[in-house]
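Take a look at the letters that make up each chain.
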2 protein chains.
Amino acid sequence: MTRSRAGESAAAERIRQAAIASFAEVGYGGTSTRQIAKRLNMSAAAMYPHYRSKEELLYAIALEGHRGVLAALRAVDDESLPDADRLRAVVGEFARWQAERHDLAKVVQYELHGLTREHYRAITAIRRETTAVLTDIVRRGVESGQFSVDDPDDAVLAVSSLCVDVCRWFPSRTHDDPVALGRVYAEVAVRIVGG
Amino acid sequence: MTRSRAGESAAAERIRQAAIASFAEVGYGGTSTRQIAKRLNMSAAAMYPHYRSKEELLYAIALEGHRGVLAALRAVDDESLPDADRLRAVVGEFARWQAERHDLAKVVQYELHGLTREHYRAITAIRRETTAVLTDIVRRGVESGQFSVDDPDDAVLAVSSLCVDVCRWFPSRTHDDPVALGRVYAEVAVRIVGG
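Because the structure is predicted, anything quoted here is derived from the model rather than measured.

### A look at the side chain of A:T130
Relative to the helices and strands, A:T130 resides in helix α7 (residues 117-144). With near-sequence residues (within four places) excluded, A:T130 lies in contact with A:V69, A:L70, A:L73 and A:F94.

Here's what the structure looks like:
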């Protein structure tokens, strides 16, 4: 990477970070590109070469967040593990990720209404891949007889929903350690699938 | 109630409904009182006798939503039932409520950042009462030996979180019946507490 390209992407990264902070604090609708620029002591015109609109910025953040979760889950998913341990690893990582990056996660989960239809569809496709990681584990566990669920899709819905909701409330009076929370939710997930 | 008082509260109700629709759609930060008035073909000045600010309106909605959930759970909570059935009834109702009133619930769960510190504290007090309904059931189930959990508070956190998150995704491709979802989540909750 040349020096100017590296400089360019560092600026884009700073802009995304400022946007995440503002969207998480007052929402996408409550934020203007002018306000984001102001957080960075930058003119709105200086942001334009990086992100031409607030929607483009939201899309970049949504892509970063959704690709990040998917990559994190795939990195810890190990098909050679017993089904329950495989589920523990993936759910623990999912909850940990949402807790550690709760501002990014909050934007990624609650502000998607700001996306164009086409961008929303692209994000939905990544969400489906993330769901598929969990679905594969639950289905195999049911096939192998390790798990017992009436409807694998309902179990996956409950487990995903639990992990996603972490970004709404984390940190709290009782939980401020992402790794410890991951361990607790890993056991909750195993119970949900009857493992 | 006199006719004029009834008329006044009907107007206040219409204003709250318009605000809920707008807050759920574009967020608290993305909505102005002027926009809410416009939805009702009303002047901003005509709203003033009912709600003097956007924050006052949000607080009224947050009170309505949180009191509504608490009353709904208490109405179905029956201490004479076996512990697992008692949990099923309350969780089924919690999930159903969040699904049926997902716009109101969304505002109530995700837009509280707009409240003053004092109003936020008042809402938090109601949330604690709602949590207490579940905590009482789980603690009693553990004492009676019907449930088996390492930490009752973690089990209550997971069950509450699951129910609250319903308003983010409901309805979906797989779930559009609040009562059916309530039944599914009632069983998930019983599994979480090892019942």
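Moving on from the model shown.
### Quick word on the interface of chain B and chain A
When the parts come together, some accessible area is lost, and that loss is often what is quoted as the size of the interface. The interface of chain B with chain A comprises 27 residues on the first partner and 27 residues on the second. Between chain B and chain A the total buried area reaches about 2300 Å² when both faces are included, carbon and sulfur atoms providing 56% of it. It is B:L157, B:R168 and B:R191 in chain B that bury the most area against chain A; as a group they hold 26% of the surface buried on that side. Counting the contacts that link chain B with chain A gives zero salt bridges. Going through the elements one at a time, α1 (3-26), α6 (102-110), α8 (152-164), α9 (166-169) and α10 (178-192) of chain B are the ones with two or more residues in the side of chain B that touches chain A.

### Section: the UniProt feature "domain: HTH tetR-type" (unreviewed entry) in chain A
Per the UniProt record, "domain: HTH tetR-type" (unreviewed entry) is found at residues 9-69 of chain A. Helix makes up 74% of residues 9-69 of chain A and strand 0%, with an end-to-end C-alpha separation of 21 Å.

### Topic: the pattern of salt bridges
The tally for this structure, following the rule as stated, stands at 30 salt bridges over all chains. Two residues, B:D85 and B:R88, come together in a salt bridge whose shortest N-O distance is 2.8 Å. Pair noted here: B:D85 and B:R88 are both in helix α5 (residues 83-100), with a separation of three residues, about one helical turn. Using a relative accessible area of 33% as the deciding quantity, one classes B:D85 as partly exposed. Salt bridges sharing partners connect three or more residues here, namely A:D77, A:E79, A:R86, A:D136 and A:R140.

### A few points about α5(B)
An ideal rise of 1.5 Å per residue puts 26 Å on 18 residues; α5(B) measures up with 26 Å between its terminal C-alpha atoms. Taken across its 18 residues, α5(B) has 14 buried, putting it largely inside the fold.

### What to know about the domain arrangement of chain A
All names here are of chain A. Each domain of chain A was delimited in the assignment, giving domain 1 (1-52) and domain 2 (53-192). Placing a centre on the C-alpha atoms of domain 1 and another on those of domain 2 gives a separation of 27 Å. Every contact between the two is made by 18 residues of domain 1 and, on the other side, 15 residues of domain 2. Both sides of the domain 1 and domain 2 interface together cover about 1500 Å² of buried area, and 68% of this is carbon and sulfur. When the area that domain 1 buries against domain 2 is broken down by residue, the three leading residues are I20, Y28 and R52, summing to 44%. Where domain 1 packs against domain 2, one counts two salt bridges. With a shortest N-O distance of 3.0 Å, E64 and R16 are connected by a salt bridge. For the pair domain 1 and domain 2, the interface holds seven residue pairs in polar contact (both at pLDDT 80 or more). Of all the secondary structure elements, the ones that give two or more residues to the side of domain 1 that touches domain 2 are α1 (3-26) and α2 (33-39).

### Focus on the nonpolar core
Core analysis: the biggest nonpolar cluster contains 134 residues, and A:Y185 and B:Y185 have the highest contact counts within it. Ignoring sequence-local partners within four residues, the contact set of A:Y185 consists of A:V91, A:A95, A:L162, A:V166, A:W169, B:L157, B:A158 and B:S161.

### Comments concerning the relation of the copies chain B and chain A
Copy one and copy two of the chain differ by a rotation about an axis and a translation along that axis. For the pair chain B and chain A, the superposition axis carries a translation of 0.0 Å, the fit reaches an RMSD of 0.0 Å, and the rotation angle comes to 180 degrees. Taken together, the turn and the small shift mark the pair as related by a two-fold rotation axis. When C-alpha distances to the rotation axis are compared across chain B, the minimum falls at B:G30, with a value of 2.2 Å. Taken together, the interface assignments show that 100% of the residues at the interface of chain B recur at the interface of chain A, consistent with an identical surface on both copies.

### Quick notes on the packing of aromatic side chains
One pass over the structure, following the stated rule, counts five aromatic pairs over all chains. Taken together, a centroid distance of 4.0 Å and an interplanar angle of 25 degrees make the contact between A:Y110 and B:Y110 stacked. With A:Y110 in helix α6 (residues 102-110) and B:Y110 in helix α6, this pair bridges two chains. Between B:F23 and B:Y28, the aromatic rings sit 5.2 Å apart at their centres with planes inclined by 65 degrees, giving edge-to-face as the arrangement. Overall, the relative accessible area of 10% leaves B:Y28 in the buried class. A cation sits over an aromatic face here: A:K54 above A:Y28, 4.2 Å from the ring centre.

### Here's the deal with the environment of B:Y120
Residue and element names in this part refer to chain B. With respect to the helices and strands, the residue Y120 is situated in helix α7 (residues 117-143). The spacing of Y120 and S144 is 24 residues in sequence and 36 Å in space, taken between C-alpha atoms. The contact partners of Y120, leaving out residues within four places of it in the chain, are L112 and L115.

Reading the values: the criteria
Starting afresh in each chain, residues are numbered from 1 along the sequence in its written order. Whichever chain is written first is A, and whichever ligand is written first is 1; the rest continue in order. The predicted nature of this model means local features are confined to residues of pLDDT at least 70 and side-chain atom pairs, given and counted, to a pLDDT of 80 or more, with totals for whole chains, interfaces and linings taken over all residues. Only hydrogens and water are set aside; all other atoms, that is, all heavy atoms of the structure, feed into the side-chain values. Elements are defined by DSSP. Helices are runs of H or I of four residues or more, strands are runs of E of two residues or more, and each kind is numbered from the N terminus. The contact criterion used is simple: two residues touch if any of their non-hydrogen atoms lie within 4.5 Å. Note on definitions: buried area is the accessible-area loss of two parts on being combined, 1.4 Å probe, summed for both. Throughout this description, the term salt bridge denotes a Lys or Arg side-chain nitrogen within 4 Å of a carboxyl oxygen of Asp or Glu. UniProt positions are given in the numbering used here, feature names are shortened, and annotations may be inferred rather than shown by experiment. Three exposure classes are used, based on accessible area relative to the maximum for each residue type with a 1.4 Å probe and protein chains only: buried under 20%, partly exposed in between, and exposed over 50%. Multiply 1.5 Å by the residue count of a helix minus one, and that product is the helix's expected span. For the purposes of this description, domain bounds are those given by an automatic or database domain assignment. Under this definition, polar contacts are N or O atom pairs within 3.5 Å; protein pairs additionally need one hydrogen-donor-capable and one acceptor-capable atom, and for neighbouring residues in sequence, both atoms have to be side-chain atoms. Working definition of a nonpolar core: buried Ala, Val, Leu, Ile, Met, Phe, Trp, Tyr and Cys residues. They are joined through side-chain atoms within 4.5 Å. The superposition of copies rests on a least-squares fit of C-alpha positions from residues with pLDDT of 70 or more in both. To pair, rings of Phe, Tyr and Trp, with the six-membered ring standing in for Trp, must have centres within 6.5 Å; the planes then decide the type, stacked if under 30 degrees apart, edge-to-face if over 60, and tilted in the middle. Only when the NZ atom of a Lys or the CZ atom of an Arg is both within 6 Å of the ring centre and within 35 degrees of the ring normal do we say a charge sits over the ring.

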